[in-house]
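# Inside the fold
Here's the letter readout for the chains.
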Amino acid sequence: MKYTQGKYLVIEKKAIAKDIFSMKINCPEIAENAQPGQFVHVLPTGFTLRRPISICDIDKEKGTIRIVFIVKGEGTKEISALNEGNVIDMLAPLGHGFTINEDFKKVILVGGGIGTPPMLPLAKIYKEKSTVISGFRSADAVILQDDFKNTGAETILCTDDGTMGIKGFVTQPLEEILKSEKIDAVYSCGPMAMLKNIAAVCDKYNTFCEVSLEERMGCGIGACLVCACKTNVNGEEHFAHVCKNGPVFNSKEVVWNG
Amino acid sequence: MADLSVNIAGVEFKNPVIPASGVFGYGREYEELFSLSRLGGIATKGTTITKRNGNPAPRIAETPSGMLNSVGLQNPGIDKFLETELPNLMKKDTVILANIAGSTAEECVEIAKKLDQTDVHMIELNISCPNVKQGGMAFGASCDGAASITKQVRKATKKPLIVKLSPNVTSIAEIAKSVEAEGADALSLINTVLGMRIDINTKRPILKNNMGGLSGPAILPIAVRMVWQTANAVNIPIIGMGGISKAEEAVEIMMAGASAVQVGAAIFTDPYAPVKIIDGINDYLDRNNISSVRDIIGTVEPW
Ligand SMILES: Cc1cc2nc3c(=O)[nH]c(=O)nc-3n(C[C@H](O)[C@H](O)[C@H](O)COP(=O)(O)OP(=O)(O)OC[C@H]3O[C@@H](n4cnc5c(N)ncnc54)[C@H](O)[C@@H]3O)c2cc1C
Ligand SMILES: Cc1cc2nc3c(=O)[nH]c(=O)nc-3n(C[C@H](O)[C@H](O)[C@H](O)COP(=O)(O)O)c2cc1C
Ligand code: FES
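Residues numbered from 1 in each chain as written. Chains lettered and ligands numbered in written order. Predicted model: local features only at pLDDT ≥ 70, side-chain atom pairs only at ≥ 80, totals over all residues. Heavy atoms only, no water.

Listed per partner, the contact involves 27 residues of chain A and 27 residues of chain B. Linking chain A with chain B are 2 salt bridges. Between Lys244(A) and Glu29(B) there is a salt bridge whose closest N-O contact spans 2.6 Å. Here chain A and chain B share 12 residue pairs in polar contact (both at pLDDT 80 or more) between them. Those elements that place two or more of their residues in the side of chain A that touches chain B are strand E1 (4-17) and strand E15 (236-241) of chain A. (Contact = heavy atoms within 4.5 Å. Salt bridge = Lys/Arg side-chain N within 4 Å of Asp/Glu carboxyl O. Polar contact = N/O pair within 3.5 Å; in protein donor to acceptor, adjacent residues only side chain to side chain. Helix = DSSP H or I, 4+ residues; strand = E, 2+ residues; numbered from the N terminus.)

Okay, the site of ligand 2 next. Residues and elements named next belong to chain B. Not every one of the 23 residues close to ligand 2 is listed here, only the nearest: Ser-21, Lys-164, Gly-216, Gly-243 and Ala-265. Lys-45 places a side-chain nitrogen or oxygen 3.0 Å from an oxygen atom of ligand 2. Within the contact set of ligand 2, an oxygen atom lies 2.6 Å away from a backbone nitrogen or oxygen of Gly-243. For ligand 2, the accessible surface in isolation is 610 Å², of which the surrounding protein chains cover 98%. Of all the cavities here, the one that holds ligand 2 is the largest cavity. Residues of the shell around ligand 2, tallied by class, amount to 8 nonpolar, 13 polar and 2 charged. (Near = heavy atom within 4 Å. Areas by Shrake-Rupley, 256 points an atom, 1.4 Å probe, with all protein chains shown as cover. 1 Å grid on protein atoms, 1.4 Å probe; cavity = no way out; pocket = protein on both sides within 12 Å on 5 of 7 lines; lining within 4 Å. Sits in = over half its atoms within 2 Å of the grid points. Nonpolar A, V, L, I, M, F, W, Y, C, P; charged D, E, K, R; others polar.)

With that settled, the discussion passes to the site of ligand 1. Residues and elements named next belong to chain A. The environment of ligand 1 is made up of 20 residues, and the closest members are Pro-52, Lys-72, Gly-73, Thr-76 and Glu-214. Arg-51 places a side-chain nitrogen or oxygen 2.9 Å from an oxygen atom of ligand 1. Coverage of ligand 1 by the protein chains reaches 89% of its 820 Å² of free accessible surface. Of all the secondary structure elements, the ones that give two or more residues to the shell around ligand 1 are strand E4 (51-54), strand E6 (64-70) and helix H2 (74-80). Examining the composition of the shell around ligand 1, we find that 4 residues originate from one element, E4, more than from any other.

If you add up the space inside the second largest pocket, you get close to 710 Å³. Considering the residues around the second largest pocket, the lining is formed by 27 residues, among which Leu225(A), Phe239(A), His241(A), Gln74(B) and Pro76(B) are closest to the centre. For the lining of the second largest pocket, the secondary structure elements donating two or more residues are strand E14 (228-233) and E15 of chain A together with helix H1 (78-89) of chain B. The element that contributes the greatest number of residues to the lining of the second largest pocket is E15(A), accounting for 4 residues. (Points joined across faces, edges and corners; volume = space filled by probe spheres on them.)

This brings us to the side chain of Thr118(B). All names here are of chain B. Among the structural elements, Thr-118 can be located in the loop between helix H2 (105-116) and strand E8 (122-126). Here Leu-115 takes part through its backbone oxygen, which lies 2.7 Å from a polar atom of the side chain of Thr-118. Of the polar contacts made by the side chain of Thr-118, one reaches the backbone nitrogen of Val-120; its length is 3.2 Å. For Thr-118, the contacting residues outside a window of four places in its chain are Leu-82, Leu-86 and Lys-159.

Turning to helix H9 (residues 273-287) of chain B, a few remarks are in order. All names here are of chain B. Under the 1.5 Å per step criterion, the end-to-end length of H9 is 20 Å for 15 residues, consistent within 8% with the ideal 21 Å. The complete set of buried residues in H9 reads Ala-273, Pro-274, Val-275, Ile-277, Ile-278, Gly-280, Ile-281, Asn-282, Tyr-284 and Leu-285. Tucked inside the fold, the buried residues of H9 contact strand E3 (17-19), helix H7 (247-255), strand E16 (260-263) and helix H8 (266-269). A positive backbone phi angle near 55° is found at Asn-289, which sits one or two residues after H9. (Expected span 1.5 Å × (residues − 1). Buried < 20%, exposed > 50% of the residue type's maximum accessible area, 1.4 Å probe, protein only.)

Listed below in structure tokens is the structure:
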């Protein structure tokens, strides 16, 4: 694990959907060490606590990363006020990311809403070997579909209200694929209820599944024990820390109602 | 370069800045960012006799100029601490303050006895945690409670004993005097101020524990006031804390009467806060031609 803290230059900022922003940041030392599934801990100016945001793209050559986030409350609103030419205060890259295995022949990436961004670095690694299933509330919340297509991945889009793509939840296409072919891994990030259902489907088809969880954080590096979540490893209950042991966990280790 | 060293209860600190208990773990994560030997000392996470899992999440909330936490003393237990963390910390060339937080006086005594057999430099007895149902703040809320637990732990160890006081009391000076009378070598204050926040959309408290401890810039003036009142009431040294995020505020609390400072929530905002504060104190002293940081302790000139 190697992380740094500093103020880094925002080199591109775009609004990509309602209240959703994409930022490209020049931070060579962070890009150098970043892994898919890791996050950056961003300090909104004037706040006491940092905000965890997933890394959505890593360009080691150019020394940049990208984040995509939704304005949820005061903190993300403040971060969204940053523009090209401003600096962003980040502690990064943090956490334990997704398990990457070059021998995997077919993987499925499932993103729900604002949980879609951390799927992009995986799509860039697995390319044609991956199928990306994204689910959104409605057409106006759909993000990143072109980015996924550009990686060579197959994409399946679902919306809850049917305003774009298939009407319904991501678990339906997921189960159809798992039923019909051998899948080496399912990676997912999104709302807890969605992750729980995905874990259950993967369990049913005995498929390796990793999920990225969220919890409120303090330090972001494993020192303060604020971000506890219950896990179950080999039948033994543990209190893990989303910031250090996660945010990515094997779905079998997650205690869903904890 | 001014002389930054201070002496508390016979223990020499290279500088007066100590990351506070609970925000710094056992230092491992911050060592990625700077050498622990730069610090005056490290106050370790509160230790109980057996492993504790703490309270359910969410355990943290942002507040105006601060934060609430309700971790509830999650820690691996004293034996694990002695086995895996303390030996590592003792190599870091900094003063180690082992923070203990039993839920009964007997438990604190038992932990203190175990620590007495080690090389740890000091014991910080936490009688002020607002996040546990038993022990914690309940010990520190009355003079009798504070005196009684101090007396028992005092008998259990020869290590310099710091007692960490709660701000959630009517008169911190009275509590401080009763703790001093029972043999405490130093005091540290303040622990967090009991607080609460509610999500108005769900009508639910943000913390699963409903209430939590407030820390960060919001509590600085409370800390300055309490350090000053306590310094006027006792003759033992005080380690001041509560809301310190920059060198000027560390200087302020030292002027109020503290011999050293601890830094908590500010480390979440800026992980380098402790080292920046050390450098900043030095700059302040140089700018004002003060040769030793000891010369500012308790120098406030009240009206
Ligand atoms: C590992 C991880 C990765 C994340 N990645 C992304 C991402 O890529 N894009 C994105 O839009 N959002 C992401 N989030 C969620 C994001 O952190 C929150 O939306 C954000 O912290 C809200 O801050 P706020 O001040 O705007 O909202 P408020 O609700 O006002 O925040 C108040 C406090 O609660 C915390 N908080 C609120 N919601 C969450 C949450 N869901 N998770 C963790 N802390 C929360 C805040 O950090 C802050 O301390 C991620 C969360 C985690 C844990
Ligand atoms: C997340 C968190 C955990 C804490 N855990 C402990 C603890 O285990 N023992 C203790 O004595 N104080 C604990 N504290 C209190 C701090 O040591 C300190 O007294 C308090 O936060 C005030 O300082 P600050 O405003 O600089 O944070 C904790 C504080 C925070 C924010
Ligand atoms: S946020 Fe501090 S341990 Fe996870």
